[in-house]
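Structural overview for review
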Amino acid sequence: MTGAAEFEIEALAAGSDVQGLADQARVLRPRVAVIADETRFDELKSSLSGTGIDVAAGNAALNEAAARPCDRVLAAIVGAAGLESTLSAICAGNDVAIANKESIVCGGPLMVEEARKSGARILPVDSEHSAIFQSLGDGKSLERLTITASGGPFRTWTLDEMGGATPKQAAAHPVWSMGIKNSIDSASLMNKALEFIEAAVLFDMPASEIDVLVHPQSIVHGMAHFSDGSVIAQLGAPDMKTPIAYALGWPERIPTSVSRLDLAQISRLEFTKVDEIRFPAIRLAREAMMAGPGARVVLNCANEAAVSAFVAEKCGFLDIARVVEAALERFSSGGFASSKCETLEEIAELSRYARMLASDWLSNAPSRAGE
């Protein structure tokens with residue numbers, strides 16, 4: 001596999017962006033184009049009329065597309081909503097290039113077990129996990145893992161300044177170009193908290209043996225530490241083309257147009273510990289890992305609800321972490337605390353519960369003014 005021209009696209013899917021899906025379908029020529037929003041079916045069908053591309057809509061069609069026999073499925077639906085189709089691909093025995101960390105956070109044990117049964121391989125796309133994957137070698141004598149975080153747009157902001165941050169400011173990432181949800185997660189470091197959990201699941205590593213370092217240059221993406229004192233790291237420009245290409249082409253490498261590193265020009269690489277007072281997300285992720293798979297679902301889904309509220313200007317930036325922490329506290333003393341998340345139904349029920357806990361907190365937010 002030496003270039004993108006050698007790929008044949010079996011299926012292409014989108015949430016509700018009919019125009020974007022249709023434009024890509026005309027270029028990539030998939031056998032089927034699927035829009036998750038059933039109400040947009042006629043619009044998509046009209047847009048692709050005469051192309052010979054089959055058209056489908058809805059979650060069932062999305063799952064069917066993911067399960068079609070193919071070499072690799074790129075799973076990139078944002079949030080917990082991506083779990084069901086990703087699991088469909090795995091159960092069908094398709095290798096999955098996973099760009100949806102929330103699926104692993106919510107359903108990691110289930111995905112790993114189904115992959116074991118079907119023989120599917122789960123290949124990381126997140127730059128940090130791709131870096132570790134490339135650094136592991138045979139994985140023998142591994143002691144620790146390190147993932148890095150840019151620190152986001154608020155790396156040097158005080159708590160008071162962050163308290164007044166707007167969604168536009170939170171979405172203005174200084175290094176990476178991402179969607180609104182991932183950008184805000186990066187600003188709160190919740191993105192790194194989710195990746196911390198993802199690393200534990202993907203590499204079967206105890207959470208106590210995974211470190212997170214703030215690295216504002218975003219050149220070193222991940223490191224593997226070995227028992228002889230060696231540390232093997234993957235370096236690269238902060239460009240998602242590299243990890244995407246690696247996951248799609250593995251075990252071969254696909255050439256990309258990514259800018260090549262000039263370390264002399266970069267001159268220095270900085271690393272600092274996470275300030276867990278200003279950015280409590282990593283601490284919350286460690287607590288969720290200790291509490292079990294149900295707590296991970298709550299952490300993720302309460303965060304999704306809180307981020308949506310922040311974007312809608314119904315809460316402040318610092319409230320995001322407060323919502324998540326409150327949801328975890330209520331979850332730990334409730335009837336769902338022993339949930340093992342062994343089925344999609346169980347995970348879905350926990351997701352609804354977590355969003356209800358977040359909604360309860362947010363509905364009482366005005367009374368917390370000044371906290």
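See above for the structure.
Now for a look at the structure at hand. The shown structure was predicted, so the numbers you read here are calculated from the model rather than taken from an experiment.

How each quantity is defined
Residues numbered from 1 in each chain as written. Predicted model: local features only at pLDDT ≥ 70, side-chain atom pairs only at ≥ 80, totals over all residues. Heavy atoms only, no water. Helix = DSSP H or I, 4+ residues; strand = E, 2+ residues; numbered from the N terminus. Rg over C-alpha atoms; globule rule 2.2 N^0.38 Å. Buried < 20%, exposed > 50% of the residue type's maximum accessible area, 1.4 Å probe, protein only. Contact = heavy atoms within 4.5 Å. Areas by Shrake-Rupley, 256 points an atom, 1.4 Å probe, with all protein chains shown as cover. Lys, Arg positive; Asp, Glu negative; His and termini not counted. Charge placed at Lys NZ, Arg CZ, Asp CG, Glu CD. Axes fitted to C-alpha atoms, helices over the stretch in contact; angles between N-to-C directions. Parallel < 35°, antiparallel > 145°, perpendicular 65-115°, else oblique. Nonpolar A, V, L, I, M, F, W, Y, C, P; charged D, E, K, R; others polar. Disulfide = S-S within 2.5 Å. Pairing = 2+ DSSP bridges. Core = buried A, V, L, I, M, F, W, Y, C linked by side-chain atoms within 4.5 Å. 1 Å grid on protein atoms, 1.4 Å probe; cavity = no way out; pocket = protein on both sides within 12 Å on 5 of 7 lines; lining within 4 Å. Points joined across faces, edges and corners; volume = space filled by probe spheres on them. Expected span 1.5 Å × (residues − 1).

With that settled, consider the overall build of the chain. Along its length, the chain carries 16 helices and eleven strands. Computed over C-alpha atoms, the radius of gyration of the chain comes to 21 Å, within 12% of the 21 Å expected from 2.2 N^0.38 for 371 residues, which places it in the range of a compact globule. Dimensions of the chain, computed from the C-alpha atoms along their principal axes, are close to 60 × 50 × 40 Å. Relative to its full complement of 371 residues, the chain shows a buried share of 49%. Restricting to contacts in the chain with at least 6 residues of sequence separation, those with at least 24 account for 62%. Total accessible area on the chain is roughly 17,200 Å²; 51% of this is exposed by carbon and sulfur atoms. If the 33 positive side-chain charges of the chain are averaged to one point and the 48 negative ones to another, these points end up 1 Å apart.

Turning next to helix α11 (residues 241-249). Turning to α11, its buried residues number three or more, namely Pro 243, Ala 245, Tyr 246, Ala 247 and Gly 249. Residues of α11 that are buried make contact with β4 (72-75), β5 (95-98), β6 (122-124) and α6 (127-135).

Let's shift gears to the packing of helix α9 (residues 180-188) against helix α14 (residues 293-311). Taken N-terminus to C-terminus, the directions of α9 and α14 make an angle of 100 degrees; their axes are 11 Å apart at the nearest point. As the angle between them shows, α9 and α14 are arranged roughly perpendicular. Between α9 and α14, the residues in contact are Ile 180, Lys 181, Ile 184 and Asp 185 and Asn 303, Glu 304, Val 307, Phe 310 and Val 311, respectively. Within the contact of α9 with α14, the residues separate by chemical class into five nonpolar, one polar and three charged.

All right, on to the state of the cysteines then. One pass over the structure, following the stated rule, counts zero disulfides. In this model Cys 70 remains outside any disulfide bridge; the closest cysteine sulfur is found in Cys 91, 14 Å from its own. Classification of Cys 70 by relative accessible area gives partly exposed; the value is 30%. Residue Cys 106 stays outside any disulfide, its sulfur separated by 4.2 Å from that of Cys 301, the closest cysteine.

Hydrogen bonding along the main chain pairs the strands of a sheet, whether they run parallel or antiparallel. Taken together, three strands build an open sheet; the order of strands is β4-β5-β6 and the sheet is parallel. Either end of the sheet is taken by a strand with one partner, and the two such strands are β4 and β6. Ignoring strand direction, the axes of neighbouring strands in this sheet form an average angle of 25 degrees. Of the pairings in the sheet, the one linking β5 to β6 comprises three bridges and is parallel in character. Bridge pairing in β6 places Ala 97 opposite Leu 123.

Among the nonpolar cores identified, the biggest contains 83 residues, and Leu 145, Phe 154, Phe 196, Leu 299 and Phe 317 are the most heavily contacted of them. A per-element tally of this core places α14 first, with eleven residues. With near-sequence residues (within four places) excluded, Phe 154 lies in contact with Met 162, Ala 165, Gln 169, Ala 170, Ala 187, Arg 278, Phe 279 and Phe 317. Counting residues in hydrophobic clusters, the runner-up holds eleven residues, among them Val 18, Ile 35, Leu 44 and Ile 53.

Right, let's get into empty space enclosed by the protein. The tally for this structure, following the rule as stated, stands at one cavity of 30 Å³ or more. Roughly 70 Å³ of internal volume is contained in the largest cavity. In terms of lining, the largest cavity is formed by Ser 127, Ser 130, Ala 131, Gln 134, Trp 176, His 221, Gln 234, Gly 236, Ala 237, Asp 239, Thr 242 and Pro 243. Those elements that place two or more of their residues in the lining of the largest cavity are α6 and α11. The greatest single-element share of the lining of the largest cavity, amounting to four residues, is contributed by α6.

In this section: the sheet that holds strand β3 (residues 54-57). Across the sheet, three strands lie side by side as β1-β2-β3; this open sheet has parallel pairing. Where the open sheet ends on each side, the last strands, each with one partner, are β1 (11-14) and β3. This sheet shows a mean twist of 20 degrees between the axes of neighbouring strands, independent of strand direction. With four bridges joining them, strand β2 (residues 32-35) and β3 adopt parallel strand pairing. Bridge pairing in β3 links Val 34 to Ala 56. Here helix α1 (residues 18-28) sits on the sheet and contacts β1 and β2; the angle it forms with β1, its principal contact strand, is near 165 degrees.

Our next topic: helix α15 (residues 319-332). Between its first and last C-alpha, α15 extends 20 Å over 14 residues, near the 20 Å set by a 1.5 Å rise per residue. Restricting attention to buried positions, one finds in α15 the residues Asp 319, Ile 320, Ala 321, Val 323, Val 324, Ala 326, Ala 327, Leu 328 and Phe 331. Where α15 is buried, its residues contact α9, α10 (190-202), α13 (281-291), α14 and α16 (344-363).

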